[in-house]
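Chain and residue survey
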Amino acid sequence: MRKYAIIGVGHVGATIAYTLVCKGIADELILIDTNAGKARAEQLDLQDAQARLDSRTIIKINDYSELADTDILFITSGNIHALDHASGNRWAEFEYTKTIVQEIAPKVKASGFNGVAIDTMNPCDAITHYFQRATGLSRAQVFGTGTFLDTARMQKVVAEVFDCDPKNVSGYVYGEHGESQFSAWSTVQVNGIPITDLVTSHHLDLDALEAEARHGGWAVHSGKGYTSFAIATCAVKLSEAVFANARLACPVSAYSDRFGTYVGQPAIIGRDGVESVTTLALTADEEAKFQNSANTIIEKFHAFDDVLDSKTASAQRKPA
Ligand SMILES: NC(=O)c1ccc[n+]([C@@H]2O[C@H](COP(=O)([O-])OP(=O)(O)OC[C@H]3O[C@@H](n4cnc5c(N)ncnc54)[C@H](O)[C@@H]3O)[C@@H](O)[C@H]2O)c1
């Protein structure tokens, strides 16, 4: 039995729910939202689809006790309107999302949940870290979508230049799911060829491509007021990697012993969540950007002192 739960069925959570049901990969799905009417409406809408699908998903709502034997939990609550005038600053939502973690983490803990939790809530790296600490779940069990989505955006903009499928572009965006992220071009290949070997022949402006990938979320947000399809696809793919024990190599927001924070980096995703993080040989410039991005997360996180107890705060002020 494959049992999923989603806390927060707004644009992202509802799209994840729809994707799970249409793909027929959830035998049971629990939808939780403080807006009970919204949770009920999404339940009804998804139930109405069942007669036309080849699979069956049992859908329940607003019962934290159901998390006790849930395999995968998506954390997708939030207040997307907080980003309406945020000019690229995902930290503008932290004021709301940290409070949500304070509300939901004790309930998740009390439920006995012991599966894998995948966070999309922004600011993604800080919220993933905060949720992991607040629930006491292991760092392997809790990870964020992080730069998995930013990497997909990088693959898209590069693929457009080369007129190929984005899946023909490999490599990683590292760092914060936010403005300090960067495309690690030394890891990127197009049709198996290092992109750095193609700069001259194809007149590539790597800085411009990186900026376009970084701005991708805001390009969508400015048009429809939220983003949903790509993030839901990323989140569901990660959950499938867990169920299949795929040991999928992909960038997620995973805990870094080196930096003392969750941060976007390549990892291996399997049955228990993050099996390991992968250390690639980056250039000196990329290493500096990675350090800078991790520092950015830590510094901004610490600006909200109320989310840290004093012991954790002092330990975290000295990143390894
Ligand atoms: N990491 C990424 O790449 C990425 C991409 C898109 C969105 N996001 C983030 O995902 C989150 C969700 O985005 P959205 O567009 O669906 O937001 P939304 O505002 O449409 O929906 C949020 C939902 O959470 C519910 N909610 C609020 N507090 C809750 C609580 N305490 N318990 C349960 N439910 C609660 C709300 O009622 C609402 O239905 C946001 O933080 C957003 O910034 C991240």
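Residues numbered from 1 in each chain as written. Predicted model: local features only at pLDDT ≥ 70, side-chain atom pairs only at ≥ 80, totals over all residues. Heavy atoms only, no water.

**Remarks on the UniProt feature "domain: Lactate/malate dehydrogenase C-terminal" (unreviewed entry) in the protein chain**
Here, the residues flagged by UniProt with the feature "domain: Lactate/malate dehydrogenase C-terminal" (unreviewed entry) are residues 147–297. Annotated as residues 147–297, this span is 42% helix and 27% strand, and its ends, taken at the C-alpha atoms, are 13 Å apart. (UniProt positions renumbered as here; feature names shortened; annotations may be inferred. Helix = DSSP H or I, 4+ residues; strand = E, 2+ residues; numbered from the N terminus.)

**Regarding the site of the ligand**
Around the ligand, the structure places 27 residues, and the nearest of them are His11, Val12, Asp33, Glu93 and Glu103. Thr120 places a main-chain nitrogen or oxygen 3.0 Å from a nitrogen atom of the ligand. Between the ligand and His177 there is a distance of 3.0 Å, counted from an oxygen atom to a side-chain nitrogen or oxygen. Contact with the protein chains covers 91% of the free accessible surface of the ligand, which is 860 Å². Put simply, the parts of the chain that give the shell around the ligand at least two residues each are α1 (11–23) and α3 (94–111). The greatest single-element share of the shell around the ligand, amounting to three residues, is contributed by α3. (Near = heavy atom within 4 Å. Polar contact = N/O pair within 3.5 Å; in protein donor to acceptor, adjacent residues only side chain to side chain. Areas by Shrake-Rupley, 256 points an atom, 1.4 Å probe, with all protein chains shown as cover.)

**Let's talk about the sheet that holds strand β9 (residues 193–194)**
Whether parallel or antiparallel, the strands of a sheet pair through hydrogen bonds between backbone atoms. Strand order across the open sheet formed by three strands is β7-β8-β9, with antiparallel pairing between neighbours. The two strands at the open ends of the sheet, each matched to only one other strand, are β7 (169–174) and β9. Alignment of strand β8 (residues 182–190) against β9, held across two bridges, turns out to be antiparallel. Note that in β9 the partner of Gln189 across the bridge is Pro194. The sheet contacts of helix α8 (residues 284–302) involve β7 and β8, and relative to β8 the element is tilted by about 135°. (Pairing = 2+ DSSP bridges. Contact = heavy atoms within 4.5 Å. Axes fitted to C-alpha atoms, helices over the stretch in contact; angles between N-to-C directions.)

**Focus on unusual backbone geometry**
Here the amide bond leading from Asn122 into Pro123 is cis, since omega sits at -5°, within 30 degrees of zero. The topology assignment puts Pro123 in the loop between β5 (116–119) and α4 (124–135). Unlike most non-glycine residues, Asn62 shows phi in positive territory, near 50°. Within the secondary structure, Asn62 is located in the loop between β3 (58–61) and β4 (72–75).

**Here's the deal with the confidence of the model for the protein chain**
The predicted coordinates of low-pLDDT regions are not to be read in fine detail. The predicted model of the protein chain averages 94 in pLDDT, with 95% of residues at 70 or higher. Residue range residues 310–320 is modelled with pLDDT below 50. Its contacts to residues more than four positions away, or to other chains, number 17 contacts. Interface predicted TM-score (ipTM) for the complex: 0.99; the corresponding pTM is 0.95. (pLDDT = per-residue confidence, 0-100.)

**A short note on helix α2 (residues 36–49)**
Helix length check: α2 (14 residues) gives 20 Å between terminal C-alpha atoms against 20 Å at 1.5 Å per residue, within 8%. Looking at the buried residues of α2, the elements they touch are α1, β2 (28–32) and β3. (Expected span 1.5 Å × (residues − 1).)

**Describing the UniProt feature "domain: Lactate/malate dehydrogenase N-terminal" (unreviewed entry) in the protein chain**
Here the UniProt feature "domain: Lactate/malate dehydrogenase N-terminal" (unreviewed entry) sits at residues 3–144. The straight-line gap between the two end C-alpha atoms of residues 3–144 is 19 Å; of that span, 40% is helix and 18% is strand.

**Topic: the environment of Ile61**
Within the secondary structure layout, Ile61 lies in strand β3. Look at Ile61 and you get partly exposed, because its relative accessible area is 24%. Considering only alpha carbons, one finds Ile61 and Asp33, 28 residues apart in sequence, at a separation of 8.2 Å. Not counting residues up to four positions away in its chain, the partners in contact with Ile61 are Leu31, Ala39, Arg40 and Gln43. (Buried < 20%, exposed > 50% of the residue type's maximum accessible area, 1.4 Å probe, protein only.)

**A short note on the side chain of His221**
With respect to the element layout, His221 can be found in helix α6 (residues 206–224). Overall, the relative accessible area of 9% leaves His221 in the buried class. The residues contacting His221, other than those within four sequence positions of it, are Ile80, Leu83, Asp84, Tyr226 and Thr227.

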